[in-house]
Amino acid sequence: MLDIDALTRLRDDFADSLGKVSTAADLQLLRDTVLGRKAGAITALYGTLGGLSTDRKREVGRALNELKAFVEAGLDARKTQLEAASAPMPSADLTLAPRPLPVGSRHPLNAMRERIERIFARMGYEILDGPETEDDWHNFEALNMPADHPARDTQDTLYLQQPFAQGTRATGDARSGVSLRPATLLRTHTSAMQIRYMERGAPPVRIIAPGRVYRRDNLDLTHTPMFQQVEALVVGEDVTMADLKGTLLGFAREFFDQRTPIMFKPSFFPYTEPSAEVFVGCQSCFGSGCSMCKRTGWIEIGGSGMVHPSVFEAVGIDPERYTGFAFGMGIERLALLAHRVDDIRAFYENDLRLLEQFAS
Ligand code: DAH
C-alpha cells in the first residue's frame, strides 16, 4: 500500500544504509537498490502512481520526487566523501635538502677589524678599547697639539661642550690612569689611546687600539662623519724606524698578499718626528697605474712616525731612555681596498644586497 508513512520508512532505511556504506561497491549496490531502473524501490513506486486518483497522484508524486532528490543528494555526498578518503596523500620527498634558514652575518667592517686584530695579536700586540668621547688633553694637548693648532679647528672636531670651557683644561694626575677631565669632544683619532695607555705605566708598550672616530665631514665617496681607525704604539729601549717599517711591511703582506710593497712618504704629524705617510702598492693595478691610485701605483693607508719626545714628556716617560713608533690606519680604507668597493657609504647604508655578499 503506497502511503506517506511508507515513504518515510523508506527514507529512514535509506539513511541508515547510507551511513553504513564504506566502499564504492557498497554505494553502487545501495544506489541500485533504491534507484535501479528495474528493481529500484523508488523506481517501483513511480510505477504504481498510475493506479491512483488524480489528487493522490499529485500528493504522492510530490512526496516521491522529494524522496528521490534526498536519496540522490545523499548518494552523491557519500560518493565524494569516499573518493576523498581513498585519494593518495600528496607525497613529500624526504630526500630533498631543507630550505636554508635565513641567517645574519657579521658586518664587513667588523669582520675587517677582527682580521686586523688577529694579525697584530699574532705579532704579540695587546688589543685595547677606549672611550669615544674624549677630553682636550688626550685628543690634542698631550699629543703635542697646543691650543692654537689647526687640527683643533672646530670645522673638524665635533664638540660636546664649548671648547676650552672652564674646568676642561689639564687637571688631575696624568699618571694615575684616571682622567679627571670631563669629556668635551668626540675623539677625532684613535691616537688619544696612545696617551691613555702610556699614562698608566712604564714601557715596554706594544698595543693596538681599534675604534670609532668622528669628524665634521660631509658624506661623499671617501668620507663619513664617523669612521674607524686602528692605532698602534710600540715603545721600548731601542725601538727604531726600521722596526716601524718592518711591522708595516709584515702587516701589509699578511693583509693583502706576500708581494705587496709599502712606501713611506715624509710627512708631518705633531706627535711624531720623523713622520711618514704609509702607502701600499695599488691592489687594483699592482703598480702600473689606474684610476683607484690616481695613476701613481700607490694607495695611502695611514700615518706613522717615531713618537715625539714631547709626547713622552706629557705622560712622564723619559725620552732619553725610550723611543717608540706609532701609526694609525683607516679601517674603512683598508676594507675598500680589500673588497674593491669604491664608495665608503656602501658600508653604512646597510643594503642587504651588499651585506649578503660578505656572509660567511
Ligand atoms: N692620527 C692620524 C690621523 O688621524 C693618523 C696617525 C698619524 C696616527 C701618525 C699615528 C701617527 O699614530 O704616528 O690621521
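Structure: above.
Residues numbered from 1 in each chain as written. Predicted model: local features only at pLDDT ≥ 70, side-chain atom pairs only at ≥ 80, totals over all residues. Heavy atoms only, no water.

Engineer: So, the site of the ligand: which residues are in play, and what are the values?
Structural biologist: Near the ligand you find 15 residues, and of these S191, R215, Q229, E231 and Y271 are the closest. H189 places a side-chain nitrogen or oxygen 3.1 Å from a nitrogen atom of the ligand. Between the ligand and R215, the relevant distance is 2.8 Å, taken from an oxygen atom to a side-chain nitrogen or oxygen of the residue. Relative to its free-state accessible area of 350 Å², the ligand is covered by the protein chains to the extent of 89%. Elements with a minimum of two residues in the shell around the ligand: β5 (226-236), β8 (298-307) and β9 (323-330). The residue inventory of the shell around the ligand, partitioned by class, reads four nonpolar, nine polar and two charged. (Near = heavy atom within 4 Å. Polar contact = N/O pair within 3.5 Å; in protein donor to acceptor, adjacent residues only side chain to side chain. Areas by Shrake-Rupley, 256 points an atom, 1.4 Å probe, with all protein chains shown as cover. Helix = DSSP H or I, 4+ residues; strand = E, 2+ residues; numbered from the N terminus. Nonpolar A, V, L, I, M, F, W, Y, C, P; charged D, E, K, R; others polar.)

Engineer: Please set out the pattern of salt bridges residue by residue, giving values where relevant.
Structural biologist: Counted by the stated rule, this structure contains 13 salt bridges. A salt bridge links E59 to R56, with the shortest nitrogen-to-oxygen separation between them at 3.7 Å. Pair noted here: E59 and R56 are both in helix α4 (residues 54-86), with a separation of three residues, about one helical turn. The exposure class assigned to E59 is partly exposed, which follows from its relative accessible area of 40%. Here R321 makes a salt bridge to E237, at a shortest N to O gap of 2.8 Å. Taken together, the residues span a long stretch of sequence, with R321 in the loop between α9 (309-314) and β9 and E237 in the loop between β5 and α8 (241-255) at a distance of 84 residues. Residue R321 is classed as partly exposed on the basis of its relative accessible area, which comes to 47%. Bridged by salt links that share partners, the residues E134, D135 and R196 form one connected network. (Salt bridge = Lys/Arg side-chain N within 4 Å of Asp/Glu carboxyl O. Buried < 20%, exposed > 50% of the residue type's maximum accessible area, 1.4 Å probe, protein only.)

Engineer: Which residues make up the pairing of β5, and what values go with them?
Structural biologist: Of all the 11 residues making up β5, 10 are buried; the element is thus mostly covered by neighbouring parts of the structure. Two strands pair when backbone bridges link them, and strand β4 (residues 205-214) and β5 are joined in this way by 10 bridges, in the antiparallel orientation. Bridged to I208 within β5 is A232. Note that β5 and β9 share eight bridges and pair antiparallel. (Pairing = 2+ DSSP bridges.)

Engineer: Quick one: what's the story with the sheet that holds β9, residue by residue and with numbers?
Structural biologist: Sheet strands line up and pair through hydrogen bonds in the backbone, either parallel or antiparallel. Spatially, β1-β4-β5-β9-β8-β7-β6 is the arrangement adopted by the seven strands of the open sheet, whose pairing is mixed. The open sheet terminates on both sides in strands that have one partner only, identified here as β1 (126-127) and β6 (262-269). With five bridges connecting them, β8 and β9 associate as antiparallel partners. Each residue of the ladder has a partner; that of G302, found in β9, is M329.

Engineer: Talk me through helix α7 (residues 192-200); I want residue IDs and the actual numbers.
Structural biologist: Helical periodicity: at 3.6 residues per turn, an α-helix aligns residues three or four positions apart in one direction. The buried count for α7 comes to eight of nine residues, which makes it a mostly enclosed element. Among the residues making up α7, those that are buried are A192, M193, Q194, I195, R196, Y197, M198 and E199.

Nothing here speaks to function; it is all geometry.
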